[in-house]
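Results of the structural survey
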Amino acid sequence: MLDTCKLKSACNLPFVYNKKINTAGTSNADVPLADPGMYQLDITLRRGQSLAARDRGGTSDPYVKFKIGGKEVFRSKIIHKNLNPVWEEKACILVEHLREPLYIKVFDYDFGLQDDFMGSAFLDLTQLELNRPTDVTLTLKDPHYPDHYLGIILLSVILTPKEGEHRDVQSSIHSFLHWRICEIKTMLMRKSWKRSSKDLSENEVVGSYFSVKSFFWRFQTQSLRLSDVHRKSQLWRGIVSITLIEGRDLKAMDSNGLSDPYVKFRLGHQKYKSKIMPKTLNPQWREQFDFHLYEERGGIIDITAWDKDAGKRDDFIGRCQVDLSALSREQTHKLELQLEEGEGHLVLLVTLTASATVSISDLSVNSLEDQKEREEILRRYSPLRIFHNLKDVGFLQVKVIRAEGLMVADVTGKSDPFCVVELNNDRLLTHTVYKNLNPEWNKIFTFNIKDIHSVLEVTVYDEDRDRSADFLGKVAIPLLSIQNGEQKAYVLKNKQLTGPTKGVIYLEIDVIFNAVKASLRTLIPKEQKYIEEENRLSKQLLLRNFIRMKRCVMVLVNAAYYVNSCFDWDSPPRSLAAFVLFLFVVWNFELYMIPLVLLLLLTWNYFLIISGKDNRQRDTVVEDMLEDEEEEDDKDDKDSEKKGFINKIYAIQEVCISVQNILDEVASFGERIKNTFNWTVPFLSWLAIVALCVFTVILYFIPLRYIVLVWGINKFTKKLRSPYAIDNNELLDFLSRVPSDVQVVQYQELKPDPSHSPCKRKKNNLG
């Protein structure tokens, strides 16, 4: 029979084991079991002294980057024209491994150009004492010129262990471990009854214990990975809506005594840029931007004003900040902010709104499968509730089930995939499935739809601890093309959405929306996405946009040739018919005939489509050009530290980028008009039919002079009725929802490989 003392010692083994670990020492360089596993590094970036001059005037525009493990964790604001800058900025960084040093890099900001490298240094975190503020002076060096003196950076740091999370994990492990040891004890006692003539050795008990200990060490590692997932998939807690009204008495930066001002906003990694107002010191913007608020305590919005200069670097006008923690929620605040380091004021309207429009859950928690919740959602978006919260257009539920045959991203022949689901500026993530090319996530994501013409983007990445995530594939799905309740296999595409990559992803999507609200929202400006990267010059993109614009222009040219051929009587029957038609139309012309002709054109194309005579041709030219485009990788910091001949051709580059963007806008405009009439998006074509019918009736029954009078009165009194109203053009807002030919190709579904045939299933769509 098992000795009682041995059983007691077995049950107490975890506590004796931890005691030995705790007495081993507390050096930062060691990583014992009782190590907190996570540290908080609070840094105050004080100032720089005697920094290197990188600009022609003998000054620099320095800013500082902090990097750990190859990832940028902080970037300071830019101090203009100063070699002894004072930042006094604070950063809070979570550190997993103290062996990884903190790298500090200083750059000189050059607008439109690659920033100049001003020096770097590193801070050894293992040399810091815990819970003790430390002032640090770092000497900047250039690895290529180690003898050059590049100045110093002064910091204040304090390293604090994050003990709370570890204590919870350890206490859970100890409780569960104690229960498992007692279970082992019971099991061994049962065995001892069967072999009563033999005593069990102490090694059996201890060996069983350490096997359980090994199991819980793996459990602890997975728990830490899970905490990484929670940090990665944090949801935003509110929306900051900013309306940029106007600027007053801004500083004149041009030789004519005026400026061409625009404004940049930044909240964390979210960035916006206003439109440019030419030749004015009192610009009227009337633009609105929405930021997502991730921190409960708020944040600080950095605002900078600039003067646009073609062919050279833009001039800095001034800066200001908005501290969101000082503003009350659910209330609009009118702010008049004085520009620092410059002249003038900016007038803003700022509104903080709490939000709960997105959620993540497991497959077991399905809103649409619960009868009461489904009825509530259907009632919320029923036709009877047209004027209740016009911004809440619909409800989207996305089931991310699994992926198959993903690309290998790690040297082990596996990947660590996770999935990112985006709808406009709403961005949610799944957990990571480690070392698997056929992951199963089984997650449900819900979104509130603000624009039914939005595109759902689902991207699969490979998680890498030491660098940014690797791209594995992506799909883009317009909400209006979704078939409710159907589990479907989508072939993953490349970054440009122009061709297939390896793997498929299985999704099941449901969309419920109010058609009237969606129609009304179509006539207001689209939600602007965050400005994440600057436009770059691309020869292939420039050529593609030129060909697109040429094809649109050639349609007009060919039409002009056709009309001219009627004038020249190249074909007498055709010219005679055109002449009779001309006399009839001119003699009987009324204004209502214009929308009537467009209405007939839409109707004619619709009947051609339903009769099987689809006159829409797949644009193989655009597809070929998109497939020929090479993937552009993100530039590394090394590229930003080097400057070549780009300095000399900067003016040409900016002109080419402008031409490139203009060609894209013109080509997209013509393609959107064409795609409206060829029923590329049936919802929009039906909406156009309704609008044209209304305009036809109005123009038929109401004299034109009264319509023009109402339009003029509305235009002249609009600013008096609503001083802060944002100007918009309903027709352009409508066309912005129609996809261009490039977007049609990008949103087109690829045929899955026969080996990945999807298991389609139709659900009964209640209501």
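For the protein, an unreviewed UniProt entry supplies the name Multiple C2 and transmembrane domain-containing protein 1 and the organism Canis lupus familiaris. As stated in UniProt under Sequence similarities (unreviewed entry), the record for the protein gives "Belongs to the MCTP family."

A look at the UniProt feature "transmembrane region" (unreviewed entry) in the protein
The residues that UniProt annotates with the feature "transmembrane region" (unreviewed entry) are residues 576-609 and 683-711. Each end of residues 576-609 is marked by a C-alpha atom, and these two atoms are 31 Å apart; helix forms 88% of the span and strand 0%. Across residues 683-711 one finds 93% helix and 0% strand; the C-alpha atoms that close the span lie 28 Å apart.

Points about the nonpolar core
Generally speaking, soluble globular proteins have nonpolar side chains that are buried together. One finds Leu 396, Val 400, Ile 505 and Ile 509 to be the most contacted residues of the largest nonpolar core, which totals 45 residues. No other element matches the six residues that helix H13 (residues 682-701) contributes to this core. When residues no more than four places from it in sequence are discounted, the contact partners of Leu 396 are Leu 423, Phe 445, Thr 446, Phe 447, Ile 449, Leu 456, Leu 479, Ile 482, Ile 509, Asp 510 and Val 511. The next biggest cluster of nonpolar side chains, apart from the first, holds 32 residues, and it includes Ile 43, Ile 79, Ala 121 and Leu 155.

Points about the sheet that holds strand E10 (residues 261-267)
The strand order across the open sheet built from four strands is E11-E10-E13-E14, with neighbouring strands paired in antiparallel fashion. Looking at strand neighbours, the two that pair on one side only are strand E11 (270-273) and strand E14 (315-323), the edges of this open sheet. The sheet shows a mean angle of 15° between the axes of neighbouring strands, direction not considered. The sheet contact formed by strand E13 (residues 300-307) and E14 spans eight bridges and is antiparallel. Residue pairing for E14: Trp 306 is matched across the bridge by Phe 316.

A look at the confidence of the model for the protein
With 73% of its residues at a pLDDT of 70 or more, the protein shows a mean pLDDT of 76. This stretch, residues 178-234, has a pLDDT under 50; its non-local contacts, to residues over four places away or in other chains, come to 65 contacts.

What about the sheet that holds strand E8 (residues 152-161)?
Spatially, E4-E1-E8-E7 is the arrangement adopted by the four strands of the open sheet, whose pairing is antiparallel. Here the strands that pair on one side only, and so sit at the sheet edges, are strand E4 (86-95) and strand E7 (134-139). The average undirected angle you get between the axes of adjacent strands in this sheet is 25°. With six bridges joining them, E7 and E8 adopt antiparallel strand pairing. Bridge pairing in E8 links Thr 139 to Ile 152.

What counts, and where the lines are drawn
Residues numbered from 1 in each chain as written. Predicted model: local features only at pLDDT ≥ 70, side-chain atom pairs only at ≥ 80, totals over all residues. Heavy atoms only, no water. UniProt positions renumbered as here; feature names shortened; annotations may be inferred. Helix = DSSP H or I, 4+ residues; strand = E, 2+ residues; numbered from the N terminus. Core = buried A, V, L, I, M, F, W, Y, C linked by side-chain atoms within 4.5 Å. Buried < 20%, exposed > 50% of the residue type's maximum accessible area, 1.4 Å probe, protein only. Contact = heavy atoms within 4.5 Å. Pairing = 2+ DSSP bridges. Axes fitted to C-alpha atoms, helices over the stretch in contact; angles between N-to-C directions. pLDDT = per-residue confidence, 0-100.

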